[in-house]
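Results of the structural survey
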Amino acid sequence: MSGQKPSLRSGGRFQVDVVSESAAPSSAPAPASAPAPADGSRPPEESKGRSRSVGFTDSDIGLPPDVFHDPDTAKSDSVSLHSTGTGQTHISDSHSNTYYMRTFGHNTIDAVPNIEFYRQTAAPFGEKLSRPSLSELHDELDKEPFEDGLANGEEPSAAEEAAALAAKEGKGGTVKFGWVKGVLIRCMLNIWGVMLFIRMSWIVGQAGIGLTIAIILMATVVTTITGLSTSAIATNGFVRGGGAYYLISRSLGPEFGGSIGLIFAFANAVAVAMYVVGFAETVVEMLNDVDALMTDELNDIRIVGTLTVILLLGISVAGMEWEAKAQIVLLVILLGAIANYFIGTFMPVESKEPKGFFGYHTAIFLENLGPDFREDETFFSVFAIFFPAATGILAGANISGDLTDPQSAIPKGTLLAILITGLTYVGVAISTGACIVRDATGDHNDTVSDTVNCTDAACTLGYDFSICKEGGCQYGLMNDFQVMSLVSGFGPLITAGIFSATLSSALASLVSAPKVFQALCKDNIYPGLGVFAKGYGKNNEPLRGYVLTFCIGLAFILIAELNIIAPIISNFFLASYALINFSVFHASLANSPGWRPSFKYYNMWVSLAGAILCVVVMFVINWWAALVTLLIVLALYIYVSYKKPDVNWGSSTQALIYNQALTHCLNLTGVEDHVKNFRPQCLVLTGYPNSRPALLHLVHSFTKNVGLMVCGHVKTVSRRPNFKELSQDHARCQRWLNEKRIKAFYTPVFSDNLRHGSQILLQSVGLGRLKPNTLVMGFKNNWSDGDMRDVEIYINTIHDAFDLQFGAVILRLQEGLDISHIHGQDELLSSHEKPPVSSKDVVVSVSLAKDSDSDSCPSKTTSNQSSPLIMRETKSPLSLTDQRLLESSQQFKKKQGKGTIDVWWLFDDGGLTLLIPYLLTNRSKWGDCRIRVFIGGKINRIDHDRRVMATLLSRFRIDFSDINVLGDINTKPKKHNKLSFKELIEPYRLKEDDMEQEAAERLKAQEPWRITDNELELYKAKSNRQIRLNELLKEHSSTAKLIVMSMPLARKGTVSSALYMCWLETLSKDLPPLLLVRGNHQSVLTFYS
């Protein structure tokens, strides 16, 4: 859009003008609607078309142009007055180029409620509107202006809307149906099947009028409950195409929706064959009556069926409009046939009496009121035969995408169709039972004689049909399926009604199957079916789906034997009904705020009863078909669950999971923790999850399905925190964890350093009892090369964990942990999020030298350093050091071979040092490793100490392969190791004896990590112990897969951070993977039951 936009109407209250960007808060006049330059060029601001202001004329505002009409606005530093030079005053956001016409007396980029903001698809005029983001309204004013085009939340002018509408009409709008043509007619045609004309009379003969009405009412109850449930779901938000599949998938999720959608589409496709074969059988019977068969009966059915389905395909492909017209023609014929039958019941003809039709008589009604089951028929077998006649209630919902207003049309049309068809079935049952006797010979000579003792209703009317008790009669309710043709005023019209019923049902199924299948394919639930998602023409017709449905239908027509497949199809429909009912129950049970159907006449318990009834009816109709249906649904459900399609429809399953999680969390808070239920719940300072894979995989090994694992990331920034980036990173990292099947949460925080960020995480992460109790960190391998202030922060983080009664765990690998500086490693970006190579944003400026805290805490994210989220493959060869680092970073991901986990349980910390190795050996990756326990002791009590420890471990029920008592733990370390330790601490000593006391105190205050001579002497024995322990570790555990060792403690405020760091360094250097563990000294193991 370029140039000034036209005003809504000239001279009105609102006028749309362009305000130059240079018209910032200045007192100089800035004409809003200046004439264009003589050369025809336009100002750059105007050509961009994004700088718009809406002016209020003085007469409307009622204030002089030089008076502020809104005190709050006048005081705002982001609002300025613009004089138009025409007596108008414009109040606008001076730092934004987009202004909105509002009714609050001033202009603002804040948008009032608008339906377009809540749409998920594009707006009718081609571009989706969205409200201004919170950042646009709240952030500091240093952002870039809006891009060209309609800005967020801005509405098009009246002229633009009119132009868009005209363009749409010019192309020809889509054909949409109202509730009568789209739902009512379709449902009625589908429910009024061939059963109405050729089976209702037989059902009345078998079950009697009373039980037939009960059968009809039972079926109607099931369909009515399903109709109410369908109405509730259909009115809980905008309904798109897909019918039953759309309703179920958006309510219960893709697992149920995907499984039922496939079998529902297939059932409709095979139903086409069923109805067409029913039509072909009737035609072939008529041909047989006049000896006009083409070949034999079976092949004639195939020929007629094939020609019929080709004709129906042509009508469907021609478009929904033609299909709707054909349905109306068929409805007229069907209504004529039904009216013809009822008129015929009031026109008894004497010639029809021998065939059992006498007109309405009380004697016949009373005789037919009770049941007379024959040929092993029962109430339920007769019900199973009738029930398919009541299905078809989803015919309207299946074309929901072609309805003008599905939310209104589906409830009205479906429920009214159920009522009308139900009354029709009851009317036909009563009328046939009151007019026609069960058995008749068709012989005019079978009149009542005086010698015969006859008590039947026919006897009172002058006929004796008692011979029929022996069998062989061809007329009456029990024997003649075409008795309604006999009763009707004009017999051929009943035949036309049969044709209409079968063809209309076939046509409805031929349209429903592709529409449902197209919606299923669009959602990409099943890979490989996307080719059928494409639509053609203004109505997005699924032509490929029509061809597929035609092929399936034709295949079953050529089989021409549908007695086996028919029960399965009925059960497929019933499974759909059951899930629709269950969807309403489930959504109501989940109590999600998003469940707000405008249709209020439903009840969750009634819907549950409806779902159970549907399943019961499935087994009543055919138990083996019900089992087959349930197995198919279960298999498809498992498949979709395994594939985990990338969709999120806000299903009630999600809502119920949330409810259950919240309930269980609250229940946990009411129960005190017990030692038997203790589990390590770890806050792991990983940084980005892919930065320290060894740390991530090892902790996941002992927390998976056992305890909580939270990947904490402290983002230390040198610029203003960008919380939008934080949110995007959070979503990306959590998705990466899910894709890697690592059961953990990712929690980032902004802070000025590691310690403060860790304090935030230690105090705030968790919910109720689901709260970390153990802090896990990587060892700071390169601590001696960096700033000692970082070491101070690192050690104080450990102190903070102990202050908050956390356990602490530190992992050290000799090669290091942090691989974030190596490009191309295990990207967190998904394939569709990867930026183009040419983009400037993907340049990763990471120094080959690691961060000063690279192995201990999250990587620093500064203004000139990108996160390791965005890493690309690089062809440059890796250094030998990086190759070793990469290899070691993956060592805990693979299965560990036979070996040992050496547990150096030197100090009793409550048992965490022992519990972690036990949990590891329970995993398949560590299953081949055996636990060896090392403890301190005295040389003269080694056997005794070993027995005591063996007793304790056996009571804890922890398997071990060996117990080693270290009697020489207090032996003095070797001189060269002592010398190495002295060289290590030398740079960090305060050396207060070499300077004045005041200077020493000042230096200690400035650099609190420095080691004083007094401190060094006081802890000389402890320092020697760390040196000696390292010697023993090398001697006994150099081949261990993992060493788990009690972490030495340093008294806070007494031991400097440099000395403590030197202890940890000396203790853990040149060893296999080492886990330093210190629990919070509360028991985590018990031998009591």
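Residues numbered from 1 in each chain as written. Predicted model: local features only at pLDDT ≥ 70, side-chain atom pairs only at ≥ 80, totals over all residues. Heavy atoms only, no water.

Once that is clear, we can look at the overall build of the chain. In terms of helices and strands, the chain carries 35 helices and 14 strands. Relative to its full complement of 1089 residues, the chain shows a buried share of 51%. At a minimum sequence separation of 6, the contacts of the chain that also span at least 24 residues come to 79%. Surface exposure of the chain reaches about 50,400 Å², of which carbon and sulfur atoms provide 56%. (Helix = DSSP H or I, 4+ residues; strand = E, 2+ residues; numbered from the N terminus. Buried < 20%, exposed > 50% of the residue type's maximum accessible area, 1.4 Å probe, protein only. Contact = heavy atoms within 4.5 Å. Areas by Shrake-Rupley, 256 points an atom, 1.4 Å probe, with all protein chains shown as cover.)

On the surface, Lys644, Lys704, Arg741 and Lys743 cluster together into a positively charged patch. Topologically, lysine 704 is positioned in the loop between helix 24 (693-703) and strand 6 (709-716). (Patch = residues over 30% accessible without salt bridge, like charges linked within 9 Å, V, L, I, M, F, W, Y side chains within 5 Å. Salt bridge = Lys/Arg side-chain N within 4 Å of Asp/Glu carboxyl O. Lys, Arg positive; Asp, Glu negative; His and termini not counted. Charge placed at Lys NZ, Arg CZ, Asp CG, Glu CD.)

Attention now goes to the packing of aromatic side chains. Inspection of every chain in the model, using the stated rule, returns 26 aromatic pairs. Arranged with centres 5.7 Å apart and planes meeting at 45°, the rings of phenylalanine 383 and phenylalanine 387 form a pair that is tilted. Taking relative accessible area as the criterion, phenylalanine 383 reaches 2% and is therefore assigned buried. Ring-pair connections join several aromatic residues into one group, and the members of that group are Phe266, Phe556 and Phe572. In this structure, lysine 534 is placed above the aromatic ring of tyrosine 536, and the distance from its NZ or CZ to the ring centre is 5.2 Å. The ring of phenylalanine 1087 carries arginine 955 above its face, with NZ or CZ at 5.5 Å from the centroid. (Phe/Tyr/Trp six-rings, centres within 6.5 Å; stacked < 30°, edge-to-face > 60°. Lys NZ or Arg CZ within 6 Å of the ring centre and 35° of its normal.)

In this structure, Phe197, Phe386 and Tyr425 are the most contacted members of the largest nonpolar core, which totals 138 residues. Looking at this core element by element, the count peaks at 15 residues for helix 10 (residues 254-289). In contact with phenylalanine 197, not counting residues within four places along its chain, are Leu334, Ala337, Ile338, Phe481, Met484, Ile494, Gly497, Ile498 and Ala501. Of all hydrophobic cores here, the second largest spans 58 residues; its members include Met777, Tyr794, Leu1059 and Met1061. (Core = buried A, V, L, I, M, F, W, Y, C linked by side-chain atoms within 4.5 Å.)

In this section: the state of the cysteines. Counted according to the given criterion, the structure contains 1 disulfide. Here cysteine 468 pairs with cysteine 473 through a disulfide, and the sulfurs are 1.8 Å apart. The chirality of the disulfide connecting cysteine 468 with cysteine 473 is left-handed, given an S-S dihedral of about -95°. Here cysteine 468 and cysteine 473 have matching classes, each one buried. Cysteine 733 forms no disulfide, and the closest cysteine sulfur to it belongs to cysteine 711, at a distance of 8.9 Å. Exposure remark for cysteine 733: the relative accessible area of 0% places this residue in the buried category. (Disulfide = S-S within 2.5 Å.)

Let us look at the packing of helix 12 (residues 320-345) against helix 18 (residues 491-522). Each packed pair of helices is defined by two parameters, the angle between the axes and the distance between the axes. As a packed pair, helix 12 and helix 18 sit with axes 8 Å apart at the nearest point and diverge in direction by 150°. One finds that helix 12 runs roughly antiparallel with respect to helix 18. Crossing handedness for the pair helix 12 and helix 18: left-handed. From helix 12, Met320, Glu323, Ala326, Gln327, Leu330, Leu331, Ile333, Leu334, Gly336, Ala337, Asn340 and Tyr341 reach across to helix 18, where they touch Leu493, Ile494, Ala496, Gly497, Ser500, Ala501, Leu503, Ser504, Leu507, Ala508, Val511 and Lys515. Taken together, the residues of the contact of helix 12 with helix 18 break down into 16 nonpolar, 6 polar and 2 charged. (Axes fitted to C-alpha atoms, helices over the stretch in contact; angles between N-to-C directions. Parallel < 35°, antiparallel > 145°, perpendicular 65-115°, else oblique. Left-handed = near helix turned anticlockwise from the far one by under 90°. Nonpolar A, V, L, I, M, F, W, Y, C, P; charged D, E, K, R; others polar.)

Most of strand 6 sits out of view: 8 of its 8 residues are buried. Across the two faces of strand 6 the burial is the same, with Met709, Cys711, His713 and Lys715 and Val710, Gly712, Val714 and Thr716 all buried. One ladder, built from 4 bridges, connects strand 5 (residues 682-685) with strand 6; its direction is parallel. Bridged to valine 684 within strand 6 is cysteine 711. Handedness of the crossover joining strand 5 and strand 6 through helix 24 is recorded here as right-handed. Of the pairings in the sheet, the one linking strand 6 to strand 7 (residues 745-751) comprises 7 bridges and is parallel in character. Counterpart to histidine 713 in the pairing with strand 7 is proline 748. (Pairing = 2+ DSSP bridges. Right-handed = clockwise from strand over helix to strand, strands pointing away.)

Let's shift gears to the environment of serine 251. Take serine 251: it is sitting in helix 9 (residues 243-252). In sequence terms serine 251 and serine 651 are 400 residues apart; their C-alpha atoms lie 4.8 Å from each other. In terms of polar contacts, serine 251 uses its side chain to reach the backbone carbonyl oxygen of leucine 247, at 2.9 Å. (Polar contact = N/O pair within 3.5 Å; in protein donor to acceptor, adjacent residues only side chain to side chain.)

Our next topic: unusual backbone geometry. Phi angles above zero are rare outside glycine, and glutamate 375 is one such case at about 55°. With respect to the helices and strands, glutamate 375 occurs in the loop between helix 13 (362-367) and helix 14 (379-386). Classification of glutamate 375 as exposed rests on a relative accessible area of 70%. Positive phi outside glycine occurs at asparagine 524, with the angle close to 55°. With respect to the helices and strands, asparagine 524 occurs in the loop between helix 18 and helix 19 (543-559).

What follows deals with helix 25 (residues 723-739). Taking 1.5 Å of rise per residue, 17 residues should cover 24 Å, and helix 25 covers 24 Å from first to last C-alpha, within 8% of that figure. Along helix 25, the residues classified as buried are Leu726, Asp729, Arg732, Cys733, Gln734, Trp736 and Leu737. If you follow the buried residues of helix 25, they end up packed against helix 24, strand 6 and strand 7. (Expected span 1.5 Å × (residues − 1).)

Time to look at helix 22 (residues 623-643). In a regular helix each residue adds 1.5 Å, so 21 residues correspond to 30 Å; helix 22 covers 30 Å between its end C-alpha atoms and thus fits that length. Those residues of helix 22 that fall on the buried side of the exposure criterion are Ala625, Ala626, Thr629, Val633, Leu636 and Val640. One side of helix 22 carries all its buried residues, which in axial view fall inside an arc of 105°. Facing away from the buried side of helix 22 by more than 90 degrees, the exposed set consists of Trp623, Leu631, Ile638 and Tyr642. The elements touched by buried residues of helix 22 are helix 10, helix 20 (565-590) and helix 21 (604-621). Once helix 22 ends, the next one or two residues include lysine 644, with phi positive near 50°. (Arc of directions from axis to C-beta.)

Within the structure shown, the criterion is met by 24 salt bridges. Two residues, arginine 1028 and aspartate 968, come together in a salt bridge whose shortest N-O distance is 3.1 Å. Here the residue arginine 1028 occupies a position in helix 34 (residues 1020-1036), and aspartate 968 occupies one in the loop between strand 12 (962-966) and helix 31 (975-985), the gap between them amounting to 60 residues. Classification of arginine 1028 by relative accessible area gives buried; the value is 10%.

Remark: helix 11 (residues 297-317) packs on helix 19, axes separated minimally by 10 Å, with the N-to-C direction vectors making an angle of 170°. Taken together, helix 11 and helix 19 sit at an angle that is classed as roughly antiparallel. The element helix 11 and its partner helix 19 pack so that their crossing is right-handed. In this structure, helix 11 contributes Arg302, Gly305, Thr306, Val309, Ile310, Leu313, Ser316 and Val317 to the contact, and helix 19 contributes Leu543, Tyr546, Phe550, Leu554, Ile557, Leu558 and Ile559. Counted by class, the contact of helix 11 with helix 19 contains 11 nonpolar, 3 polar and 1 charged residues.

Here the focus is the environment of valine 222. Inspection of the secondary structure puts valine 222 in helix 8 (residues 200-234). Given the relative accessible area of 1%, valine 222 is considered buried. Counting along the chain gives 392 residues from valine 222 to cysteine 614, while the straight-line C-alpha distance between them is 6.8 Å. Contacts of valine 222, omitting those with residues within four sequence positions, involve Phe387, Leu613, Cys614 and Val617.

Attention now moves to the confidence of the model for the chain. Of the residues in the chain, 79% have a pLDDT of 70 or more, and the chain-wide mean is 78. Below pLDDT 50 for its whole length, residues 122-126 participates in 7 contacts with residues either more than four positions away or in separate chains. Within the model, the stretch residues 858-875 combines pLDDT values under 50 with 70 contacts to residues more than four positions away or in other chains. (pLDDT = per-residue confidence, 0-100.)

Moving on, we come to the pairing of strand 9 (residues 807-812). In terms of burial, strand 9 is largely enclosed, as 6 of its 6 residues are buried. Burial along strand 9 is two-sided: Gly807, Val809 and Leu811 facing one way and Ala808, Ile810 and Arg812 facing the other are all buried. In this fold, the crossover linking strand 8 (residues 774-778) to strand 9 by way of helix 27 (residues 788-803) has right-handed handedness. Across 5 bridges, the pairing between strand 9 and strand 14 (residues 1074-1078) is antiparallel. Paired with leucine 811 across the bridge in strand 14 is leucine 1075.

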